[in-house]
Amino acid sequence: MEVRDAVEADAEALAAIVDAPADVMRNVVHDRTVRVAVRQSDPGPNADVDVGGAVDVAAEGGEPGDDTGDATAENVLGFVSFDAREDTVYVTQFGGTSEACERLIGEPIRFATNERMSVELLVEATDEELTAVAESAGFDAEGRGPSFGGQRTIKYRLDSKRSG
């Protein structure tokens, strides 16, 4: 698994993770810091080169319906979006596999630690996986957060300033 900056082409995958329209997620990619965890399906850096050094055209894009396709295709496993205001980094969206979320939560924490800021995160009250990720990362529950679409949230906070 690798973590990288999100690009506009990731919008469809991000939308599927959080059940949102792709256009909304394109805006998130443009307006926030967004990091994605991806699984590389690349068989290796030289998979598209033959012994003589010529590039294998099929591996570069292949024919329609050809399963070889792009050798560097990625699968988005999760993402985190955040922004910073005053002395707090706000995690605005967060989701994916448990393993990806555990790795991704470190992104806003590192930023906050470097800038001597706190981090705030809202988790749906019924989301046991993200609750476990937040608590494992050192966040403290600070009580009820706002409701979104009728879903209660819990506000979590991590005071990175005390660890810096």
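This write-up is about the structure you can find in this document. All of these numbers come straight from a predicted model, not from anything done at the bench. (Residues numbered from 1 in each chain as written. Predicted model: local features only at pLDDT ≥ 70, side-chain atom pairs only at ≥ 80, totals over all residues. Heavy atoms only, no water.)

The next subject is the pattern of salt bridges. Summed over all chains, the structure comprises eight salt bridges. The residue Asp-10 makes a salt bridge to Arg-4 at a minimum N-O spacing of 2.8 Å. Notably, a salt bridge pairs Arg-35 with Glu-107, separated by 2.9 Å at the nearest N-O pair. Here Glu-107 lies in helix α5 (residues 106-115) and Arg-35 lies in strand β2 (residues 33-40), a separation of 72 residues in the sequence. Taking the relative accessible area as the measure of exposure, Arg-35 reaches 17% and is therefore buried. Residue classification places Glu-107 among the buried positions, given a relative accessible area of 15%. Residues participating in the shared-partner salt-bridge network are Asp-5, Arg-35, Glu-107 and Arg-110. (Salt bridge = Lys/Arg side-chain N within 4 Å of Asp/Glu carboxyl O. Helix = DSSP H or I, 4+ residues; strand = E, 2+ residues; numbered from the N terminus. Buried < 20%, exposed > 50% of the residue type's maximum accessible area, 1.4 Å probe, protein only.)

Let us look at the pairing of strand β5 (residues 118-124). By the criterion of burial, β5 is predominantly enclosed, with five of the seven residues buried. Here four bridges tie strand β4 (residues 88-96) to β5, and the two strands are oriented parallel to one another. Looking at β5, one finds that Val-91 is bridged to Leu-121. For β5 and strand β7 (residues 153-159), the ladder comprises seven bridges, and the chain directions are antiparallel. Across the sheet, the residue bridging to Val-119 is Leu-158, located in β7. (Pairing = 2+ DSSP bridges.)

Two residues of an α-helix separated by three or four positions point the same way, owing to the 3.6 residues in each turn. Taken residue by residue, α5 has Gly-106, Glu-107, Pro-108, Ile-109 and Ala-112 as its buried positions. Among the residues trailing α5, Arg-116 stands out with phi positive, at a value near 55°.

On to the layout of surface pockets, then. Rolled over the atoms, a probe sized like a water molecule indicates the empty space that remains. Put simply, the largest pocket is a space of about 650 Å³. Lining the largest pocket we find 19 residues, and of these Thr-92, Gln-93, Leu-122, Glu-124 and Phe-148 sit closest to its centre. Taken together, the elements giving at least two residues each to the lining of the largest pocket come down to β4, β5 and β7. Residue composition of the lining of the largest pocket, grouped by class: ten nonpolar, four polar and five charged. (1 Å grid on protein atoms, 1.4 Å probe; cavity = no way out; pocket = protein on both sides within 12 Å on 5 of 7 lines; lining within 4 Å. Points joined across faces, edges and corners; volume = space filled by probe spheres on them. Nonpolar A, V, L, I, M, F, W, Y, C, P; charged D, E, K, R; others polar.)

Direction vectors running N to C along helix α1 (residues 11-18) and helix α2 (residues 22-31) enclose 110°, while the axes themselves pass 8 Å from each other. Considered as vectors, α1 and α2 are oriented roughly perpendicular to each other. For the element pair α1 and α2, the recorded crossing hand is right-handed. Across the interface between the two elements, Ala-11, Glu-12, Leu-14, Ala-15 and Val-18 of α1 pack against Ala-22, Met-25, Arg-26 and Val-29 of α2. Across the contact of α1 with α2, the residue classes break down as seven nonpolar, no polar and two charged. (Axes fitted to C-alpha atoms, helices over the stretch in contact; angles between N-to-C directions. Parallel < 35°, antiparallel > 145°, perpendicular 65-115°, else oblique. Left-handed = near helix turned anticlockwise from the far one by under 90°. Contact = heavy atoms within 4.5 Å.)

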